[in-house]
Amino acid sequence: MSRIPVLLDGDPGHDDVMAMVMALASDKLDVKGMTVVAGNSTLANTSTNALRTLEWLGLEHIPVCTGADHPIMRPLQIADSVHGKSGLDGPNFPPLHTKPVEKNFVDFMADIVRESEQKVTIVCMGPQTNVAIFLLANPDLKDRIERIVFMGGAAYGGNWSPAAEFNIWEDAEAAKIVCDSGIPVVMCGLEATNYARVNRREIGEIRAIGTRASTLVADLLQFFADKRPDADDEQKLEAPMHDAVTIASIISDDCVELRDAHLTIETDGSYTQGCTVCDFRGITGDFNAKVSVNLDCDRFIELMKDACRRLK
Amino acid sequence: MKKIPIVIDCDPGTDDAVALMLANSSDLLDLRAICPVAGNVAYRNTSRNACTIAGYLGMDCRISKGADRAMLKAFEGDAAYVHGDDGMCGMKLPNSTGRTLEDKYAWDVIYEEAVKCGGELVICAVGPLTNIAITIMKHPDLRDYVKRILIMGGSFTQGNVTPYAEYNIWYDPHACELVLHSGIPITLCGLDCTTGAGLTMDELEECVGGESRVKDFWDQYISFYRNLTSDPARRDAGERSIRQVVTTAGLINPVRPNSTLNIGRNIVGRHVIHDAITLAYLLDSSLFEVRPEYVACETRGLNAGQTVVDFRGHLKQQPNCDVAMAADLERFKAVLKKMMEFYRA
């Protein structure tokens, strides 16, 4: 079976790194490159974090390109309350020795899409700024994209406002451009990603795998565990691995439960700006999306452990 | 025991009619006024239906005039696919006591009754909130005289008009936003609550069927809704109101491993008498659990009419509502049966 060509786009970020590990380890995926966007932290930080991750894993040949440094219509608001000052607090990395490729990020994405034999799957793990600009600039390449799988949104509620999840809230206009593009989208939202959590015992099991990948993932998770010294071994920690759910939904068909929906984004609401409007009844339009409604957490952690074993 | 003085602001509406029937049957309530408003169908129908039901049931409370349109929003349609073109599914009921509207508007009748009741009045609003919003705007001291507003409306998961908006609130979102921020204590009973007490038509018949003074009402009611669910064209329209239920615990406390977030349990084939379930809370407060939360109403964009419940405290506001969680079907059935004892006696 041929591997699915994948373009990663993200704002690493702890959970972005876990998604990278899962994607890079999979024999079902062929990661062609990664674009970086500002979101969880500044573009400088997220770029550095992407490169550090690849260096740590010995996968420096995967090209990284820096993209947009702020949302399309709004100033950047970072989530350092979650990810710390560097955007990836926790692990100790050696000094950086690689650099991003020197290319315009839209052209970088377009070249990957154009040169791929099969249609490319775009995995978007942060605000969708890069992908939206790419789609606006390359209308002729839409039919070369298999689908766009993104972490973001929620069918009900939110985590950054009562009705919005951070990635979508950060750049609602970009998400609207992506969701309304006509390209099939898969939304991995909070109904699934909020359940991608580990406890101390599971962090220990991941660490015990003993690969560089497992050390990295365990260190990242420990950052969140350290914030909750009171939690016992079995209590699930506030350390959701949101972004990795995107990869789990691609490489496994029994981990993330998806439902058909018409999906668009609210950009104007007084209280609901950044809301992913999930219409499971199709009363507002044809189904253009699959939306996550649940996650099998045990299966997800198994997929993460598999990835850590593969990436020696 | 002291009765609770109430006014019922409504848009009859078949489920409004059941709410009125229920209020009339209870010795716990002192129904002071019925205030019709445009909603399920046009005002000319909701106001006429209010009089007919009051006349049919022999009710002697006041019946006011009310708003014939939403505050700002243009009329965009109605819920005739649920309630029939006349709002009462074509029922033939005699206005036996010849009730008519008095020549006073809801905003003055509600205020007068509130003042008379010295702070004890509960406003039970089971239609769009236009009348209530106008009352609040015209009489800013209303809050000193009203104990609580019990509202049927909204949803914190799926809506029944747009993806997130419920009909009553969607019909006049600006009125809802005003009422929510009025400072008057509110119990908000939305679809998440009412659909928990959806009945099959057989269950409904078991509760209300048979000989009674309101037999012709129920015979026509049950026959209409049985046809609605068996006629494919009508059923398709009706299915727009099908919604899903998300377990409360899963929504509010997402830190739960392998939670059974119950999206997808639909309620096909269950008949939800929204307004009566809401009113029933005054008769049996164990019917549903409430949680104090801050709620705002979206007035703009795709989600206009969504009641946004700030379960996680992002907006850093004090709670302004008791938000109702899923209602208990068996308890609601018991309320209906108790009501029928009154009409069978």
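An account of the accompanying structure is given in this report. (Residues numbered from 1 in each chain as written. Chains lettered and ligands numbered in written order. Predicted model: local features only at pLDDT ≥ 70, side-chain atom pairs only at ≥ 80, totals over all residues. Heavy atoms only, no water.)

### Observations concerning the overall build of chain B
Then comes step 1: Counting its regular elements, chain B contains 14 helices and 10 strands.
Then comes step 2: By residue count, 61% of the 345 residues in chain B fall in the buried class.
Then comes step 3: Once local pairs closer than 6 in sequence are excluded, the contacts in chain B between residues at least 24 apart make up 83%. (Helix = DSSP H or I, 4+ residues; strand = E, 2+ residues; numbered from the N terminus. Buried < 20%, exposed > 50% of the residue type's maximum accessible area, 1.4 Å probe, protein only. Contact = heavy atoms within 4.5 Å.)

### Focus on the overall build of chain A
Then comes step 1: On a plain count of helices and strands, chain A comes out with 12 helices and 9 strands.
Then comes step 2: Relative to a compact globule of 312 residues, whose C-alpha radius of gyration would be 20 Å, chain A shows 18 Å and is just as compact.
Then comes step 3: A principal-axis box enclosing the C-alpha atoms of chain A has dimensions of 50 × 40 × 40 Å.
Then comes step 4: The buried share among the 312 residues of chain A stands at 63%.
Then comes step 5: Long-range contacts, defined here as pairs at least 24 residues apart, represent 82% of the contacts in chain A between residues at least 6 apart.
Then comes step 6: About 11100 Å² of surface is accessible on chain A, with carbon and sulfur atoms providing 48% of the total.
Then comes step 7: For chain A, the separation between the mean place of its 30 positive charges and that of its 47 negative charges on side chains is 4 Å. (Rg over C-alpha atoms; globule rule 2.2 N^0.38 Å. Areas by Shrake-Rupley, 256 points an atom, 1.4 Å probe, with all protein chains shown as cover. Lys, Arg positive; Asp, Glu negative; His and termini not counted. Charge placed at Lys NZ, Arg CZ, Asp CG, Glu CD.)

### Considering the packing of helix H9 (residues 201-208) of chain B against helix H14 (residues 329-344) of chain B
All names here are of chain B.
Then comes step 1: H14 packs onto H9 with a crossing angle of 35° between their chain directions and a minimal axis gap of 8 Å. Listed contacts from H14 to Glu203, Leu204, Glu206, Cys207 and Val208 of H9 are Leu329, Lys333, Leu336, Lys337, Met340 and Arg344.
Then comes step 2: The residue inventory of the contact of H9 with H14, partitioned by class, reads 6 nonpolar, no polar and 5 charged. (Axes fitted to C-alpha atoms, helices over the stretch in contact; angles between N-to-C directions. Nonpolar A, V, L, I, M, F, W, Y, C, P; charged D, E, K, R; others polar.)

### Thoughts on the packing of aromatic side chains
Residues and elements named next belong to chain B.
Then comes step 1: Enumeration over the complete set of coordinates arrives at 18 aromatic pairs over all chains.
Then comes step 2: Ring centres of Phe156 and Phe311 lie 5.0 Å apart, and the angle between their planes is 80°; this geometry places the pair in the edge-to-face category. Linking Phe156 in the loop between strand E5 (146-152) and helix H6 (167-171) with Phe311 in the loop between strand E9 (307-309) and strand E10 (321-324), this pair joins segments that are 155 residues apart in sequence.
Then comes step 3: Aromatic rings pair up to connect Phe217, Trp218, Tyr221, Phe224 and Tyr225 into one cluster. (Phe/Tyr/Trp six-rings, centres within 6.5 Å; stacked < 30°, edge-to-face > 60°.)

### A short note on the packing of helix H5 (residues 129-137) of chain A against helix H7 (residues 172-179) of chain A
All names here are of chain A.
Then comes step 1: Direction vectors running N to C along H5 and H7 enclose 50°, while the axes themselves pass 8 Å from each other. As far as their axial angle goes, H7 and H5 are oblique. Our pair here, H5 against H7, has a crossing hand that is left-handed. Counted together, Thr129, Val131, Ala132, Leu135 and Leu136 of H5 and Ala174, Ile177 and Val178 of H7 form the full contact between these two elements.
Then comes step 2: Residue composition of the contact of H5 with H7, grouped by class: 7 nonpolar, 1 polar and no charged. (Parallel < 35°, antiparallel > 145°, perpendicular 65-115°, else oblique. Left-handed = near helix turned anticlockwise from the far one by under 90°.)

### Brief notes about the layout of surface pockets
All names here are of chain A.
Then comes step 1: Approximately 560 Å³ is the volume attributed to the second largest pocket.
Then comes step 2: The set of elements that each furnish at least two residues to the lining of the second largest pocket consists of helix H3 (80-83) and helix H6 (166-170).
Then comes step 3: The element contributing the most residues to the lining of the second largest pocket is H3, with 3 residues. (1 Å grid on protein atoms, 1.4 Å probe; cavity = no way out; pocket = protein on both sides within 12 Å on 5 of 7 lines; lining within 4 Å. Points joined across faces, edges and corners; volume = space filled by probe spheres on them.)

### Side note on the sheet that holds strand E7 (residues 290-293) of chain B
Residues and elements named next belong to chain B.
Then comes step 1: Reading across the sheet, the 8 strands line up as E3-E2-E1-E4-E5-E6-E10-E7 and stay open at both edges, with mixed pairing between neighbours. Since the sheet does not close on itself, it has two edges, and those belong to strand E3 (62-63) and E7, each with one partner.
Then comes step 2: Sheet analysis places E5 next to strand E6 (residues 186-189), joined by 4 bridges and oriented parallel. Residue pairing in the sheet places Ile151 in a bridge with Leu188 of E6. (Pairing = 2+ DSSP bridges.)

### What to know about the sheet that holds strand E8 (residues 276-279) of chain A
Residues and elements named next belong to chain A.
Then comes step 1: Taken in spatial order, the 9 strands line up as E3-E2-E1-E4-E5-E6-E9-E7-E8 in an open sheet, and their pairing is mixed. In this open sheet, the two edge strands, each paired with only one partner strand, are strand E3 (64-66) and E8. In this sheet, adjacent strand axes meet at a mean angle of 30° when their direction is disregarded.
Then comes step 2: Across 3 bridges, the pairing between strand E6 (residues 185-188) and strand E9 (residues 289-295) is parallel. The residue of E9 that forms the bridge with Met187 is Val291.

### Details of helix H1 (residues 14-25) of chain A
Then comes step 1: With 12 residues, H1(A) should reach 16 Å at 1.5 Å per residue; the first-to-last C-alpha distance of 17 Å fits that figure.
Then comes step 2: Among all positions in H1(A), only A:His14, A:Asp15, A:Asp16, A:Val17, A:Met18, A:Ala19, A:Met20, A:Val21, A:Met22, A:Ala23, A:Leu24 and A:Ala25 are buried. (Expected span 1.5 Å × (residues − 1).)

### Thoughts on the side chain of A:Lys236
Then comes step 1: Mapped onto the fold, A:Lys236 is located in the loop between helix H10 (212-225) and helix H11 (244-251).
Then comes step 2: Looking at A:Lys236, its side chain comes within polar contact range of the main-chain oxygen of A:Arg197, at 3.0 Å. (Polar contact = N/O pair within 3.5 Å; in protein donor to acceptor, adjacent residues only side chain to side chain.)

### A closer look at the side chain of A:Ser161
Then comes step 1: Here A:Ser161 lies in the loop between strand E5 (145-151) and H6.
Then comes step 2: A relative accessible area of 10% places A:Ser161 in the buried class.
Then comes step 3: Reaching out from A:Ser161, the side chain makes a polar contact with the backbone nitrogen of A:Ala164 at a distance of 3.1 Å.
Then comes step 4: Apart from residues lying up to four places away in sequence, A:Ser161 is in contact with A:Tyr271 and B:His314.

### Remarks on the nonpolar core
Nonpolar side chains in soluble globular proteins tend to end up buried together.
Then comes step 1: Ranked by size, the top nonpolar core spans 68 residues in total, and within it A:Leu8, A:Met22, A:Leu295 and A:Phe300 carry the most contacts.
Then comes step 2: Residues within four places of A:Leu8 in sequence aside, it is in contact with A:Met20, A:Ala23, A:Val31, A:Gly33, A:Met34, A:Thr35, A:Val123, A:Met125 and A:Ile247. (Core = buried A, V, L, I, M, F, W, Y, C linked by side-chain atoms within 4.5 Å.)

### Regarding the pattern of salt bridges
Then comes step 1: For the structure on display, the rule yields 38 salt bridges over all chains.
Then comes step 2: The partner of A:Arg310 in a salt bridge is A:Asp27, with the nearest N and O atoms 3.6 Å apart. Here A:Arg310, found in helix H12 (residues 297-310), pairs with A:Asp27, found in the loop between H1 and strand E2 (29-36); they are 283 residues apart in sequence, far enough to count as distant.
Then comes step 3: Under the relative-accessibility criterion, A:Arg310 is labelled partly exposed at 46%.
Then comes step 4: The partly exposed category is assigned to A:Asp27, whose relative accessible area is 41%.
Then comes step 5: A salt bridge links B:Glu120 to B:Lys147, with the shortest nitrogen-to-oxygen separation between them at 3.4 Å. One end of the pair, B:Glu120, is in the loop between helix H4 (106-116) and strand E4 (121-125); the other, B:Lys147, is in strand E5, and 27 residues separate them in sequence.
Then comes step 6: Under the relative-accessibility criterion, B:Lys147 is labelled partly exposed at 44%. (Salt bridge = Lys/Arg side-chain N within 4 Å of Asp/Glu carboxyl O.)

### Some points on the environment of B:Thr162
Then comes step 1: Residue placement: B:Thr162 occurs in the loop between E5 and H6.
Then comes step 2: When the C-alpha positions of B:Thr162 and B:Ala304 are compared, they lie 8.8 Å apart, and in sequence the two are 142 residues distant.
Then comes step 3: Setting aside its immediate chain neighbours within four residues, B:Thr162 contacts A:Arg281, A:Ile283, B:Trp170 and B:Leu302.
Then comes step 4: A distance of 3.1 Å separates a polar side-chain atom of B:Thr162 from the backbone nitrogen of B:Ala165.

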